[in-house]
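# Structural overview
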Amino acid sequence: MNTKTTIISQAQLEAQFAYCDKIAALWCAEGRTPTAYVETYGCQQNEADSEKIRGYLTQSGYSIVKEAEGADVVVMNTCAIREHAEQRVFGNLGALTHTKRRHPEQKIFLCGCMAGETKVSDRIKKSYPHVDGVFSTHHLWQFPEILFNVLTRKKRQFYVTDEPGSIAEGIPQVRDSQLKAWVSIMYGCNNFCTYCIVPYVRGRERSRQPEDILRECRELIENGAREITLLGQNVNSYGNDLKSGMDFADLLSAIAALPGDFLIRFMTSHPKDASTKLFDTMAKYDKIAKQLHLPFQSGSSRVLKAMNRHYDRETYLEKVRYAKSVMPDLVLTSDVIVGFPGETEEEFEETISLIQQVHYDALFTFIFSPRTGTPAASMEDPTPKEEKNRRFDKLCAVQNSISEQIHEAYTGKRLRCLVDGRDKEMLTARTEGGRLVRFEGCDSLIGTYQMLTITGATTWSLTGKL
Ligand code: SAH
Ligand code: SF4
Ligand code: F3S
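The paragraphs below set out a description of the structure included in this document. (Residues numbered from 1 in each chain as written. Chains lettered and ligands numbered in written order. Predicted model: local features only at pLDDT ≥ 70, side-chain atom pairs only at ≥ 80, totals over all residues. Heavy atoms only, no water.)

## Examining the sheet that holds strand 20 (residues 449–457)
- Taken together, the 5 strands give a closed barrel; going around it, the order is 17-18-19-21-20, and neighbouring strands pair in mixed fashion. Strand-to-strand, the axes of this sheet are offset by a mean angle of 55°, without reference to chain direction.
- Here 6 bridges tie strand 17 (residues 414–423) to strand 18 (residues 426–431), and the two strands are oriented antiparallel to one another. Note that in strand 18 the partner of Arg-422 across the bridge is Leu-427. (Pairing = 2+ DSSP bridges. Helix = DSSP H or I, 4+ residues; strand = E, 2+ residues; numbered from the N terminus. Axes fitted to C-alpha atoms, helices over the stretch in contact; angles between N-to-C directions.)

Below, the structure is given as structure tokens:
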């Protein structure tokens, strides 16, 4: 298989912009402004992709609306990470038959990670005739062409060929927030953890050129961004494919050197590639948030090997120890899977002991979900569902009490927070470590950094005052 990254040329993108113009002209002839609704599932990569889909739609004359009912275009940007995520999408896709019945001209698209699975595109072809177009993440850059074909050819469009992946610079973006921006620094994944579908649906790892990333960050900061979150499945291997000598820590330093008052976050870090150089760089710059999402997945070295994670319990703990030694206020979060095929009670207890040892601020906990085509899906899995649920509940209970303790320790602290919005009668803000703080204040504070005194805590959030 060809594994080379394709660079989408300026001419290829111009051809897509020409489709945007043609779509806008079609609607102009109709004499009204069309509407579009984009629904996003899954992780921040998908959020970032949806900003591009909205960018293309806006450039094609669409006004973005907040519900599917009555919209001329509906795009479902989907996630394939677990069975449950897929079931939700199929349920919501089924419900769209009703919106389409009330508005027969509605065009429905399915894209994102599920669109990269042959079994999904086949099922849509066969059983969901109201879906007009399906395109995998590799074909997102061609969305205007796909939309134009659907509008003019009255024929369903499937752009789902499997490819190693491309990089397209210059797709327009309509960002969710001007204050807090996502910046993808790389796409795809090479790690093939045995449970995970991402490498199959998002292709091989490929890094954007540093100058493109720096230009985007500079523009964002000039336009008022106060937080930039760098995205990639494994940001620590940034640059490996560029052979420019610039690694992730160097990229962080270069962004931190940009002028302006802003904070850099990033996710996700793979422990196998998280280096002391990275932690030293984080410690060195005030503009890099002392926040780290470092998924460990399991506390058992045997299970980690079966997961193909390329680190063991001791190496992971050693990295955490070093990170905490150079950043004493580090906010640490992680992902963990319970019930991986063959996980024994003792191995599960090793996961519990690891979280007790590390004391994470928060954990994202998952029950193993077999994904067709991944090695783990065909591993022997004798543990009954009820037993996995019991382990999951225990894990959550242990973590909740740790999170509560950590949150209680915030009371009385004075922290610099970015005020980012309003939730009913309270303003919301984020600490440097990414914790949510609610406090009373007026809307003019939104978009500014403020010193807040923490007055109380729950498992999930903090309360504070100016
Ligand atoms: N690239 C990131 C994770 C992306 S997926 C990383 O390597 O850390 C987010 C999380 O979903 C993973 O960390 C893992 O905990 C979970 N996950 C992935 N595949 C899963 C599966 N098949 N069943 C259950 N959880 C899974
Ligand atoms: Fe999936 Fe592993 Fe890649 Fe993360 S690093 S996306 S868990 S294969
Ligand atoms: Fe889901 Fe794809 Fe992200 S599978 S978690 S949306 S990379």
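Now that the structure has been shown, the text picks up again.
## What to know about the packing of helix 1 (residues 10–30) against helix 5 (residues 143–153)
- With their axes 8 Å apart at the nearest point, helix 1 and helix 5 run at an angle of 35° to one another. Two packed elements cross with a definite hand, and for helix 1 against helix 5 that hand is left-handed. Between helix 1 and helix 5, the residues in contact are Gln-16, Tyr-19, Cys-20, Lys-22, Ile-23, Leu-26 and Trp-27 and Phe-143, Pro-144, Glu-145, Leu-147, Phe-148, Leu-151 and Thr-152, respectively.
- Looking at the contact of helix 1 with helix 5 residue by residue, the class counts come to 10 nonpolar, 2 polar and 2 charged. (Left-handed = near helix turned anticlockwise from the far one by under 90°. Contact = heavy atoms within 4.5 Å. Nonpolar A, V, L, I, M, F, W, Y, C, P; charged D, E, K, R; others polar.)

## Describing the site of ligand 3
- Around ligand 3 sit Cys-43, Asn-46, Cys-79, Ala-80, Ile-81, Cys-113, Val-198, Arg-202 and Gln-233, and those are all the residues in its vicinity.
- Partitioning the shell around ligand 3 into residue classes produces 6 nonpolar, 2 polar and 1 charged. (Near = heavy atom within 4 Å.)

## Focus on the site of ligand 2
- Around ligand 2 sit Cys-189, Asn-191, Phe-192, Cys-193, Tyr-195, Cys-196, Val-198, Pro-199, Gln-233, His-270 and Arg-309, and those are all the residues in its vicinity.
- For the shell around ligand 2, the per-class residue count stands at 7 nonpolar, 3 polar and 1 charged.

## What about the pairing of strand 19 (residues 436–439)?
- Here strand 18 pairs with strand 19 via 4 bridges, running antiparallel. Opposite Leu-427, over in strand 19, you have Phe-439 as the bridge partner.
- Note: strand 19 against strand 21 (residues 462–465), 2 bridges, orientation parallel. Looking across to strand 21, one finds that Val-437 is bridged to Leu-462.

## A short note on the pattern of salt bridges
- Enumeration over the complete set of coordinates arrives at 32 salt bridges.
- In this structure, Glu-227 and Arg-265 form a salt bridge, with 3.0 Å as the shortest nitrogen-oxygen distance. Here Glu-227, found in strand 12 (residues 227–231), pairs with Arg-265, found in strand 13 (residues 263–267); they are 38 residues apart in sequence, far enough to count as distant. We note that Glu-227, like Arg-265, is buried.
- Arg-430 is the partner of Asp-420 in a salt bridge, and the nearest nitrogen-oxygen pair spans 4.0 Å. With Asp-420 in strand 17 and Arg-430 in strand 18, the pair connects residues that are 10 residues apart, well separated along the chain. (Salt bridge = Lys/Arg side-chain N within 4 Å of Asp/Glu carboxyl O. Buried < 20%, exposed > 50% of the residue type's maximum accessible area, 1.4 Å probe, protein only.)

## A short note on the sheet that holds strand 13
- Spatially, the 3 strands line up as an open sheet ordered 9-12-13, and their pairing is parallel. The open sheet has two edge strands with one neighbour each: strand 9 (180–184) and strand 13. Each strand axis lies, on average, 25° off the axis of its neighbour in the sheet, ignoring direction.
- Relative to strand 13, strand 12 runs parallel, the two being bridged by 5 bridges. Across the sheet, the residue bridging to Ile-228 is Ile-264, located in strand 13.
- The sheet contacts of helix 2 (residues 44–59) involve strand 9, strand 12 and strand 13, and relative to strand 9 the element is tilted by about 95°.
- Where helix 8 (residues 248–256) meets the sheet, it contacts strand 12 and strand 13, and its direction lies at approximately 155° from that of strand 13.

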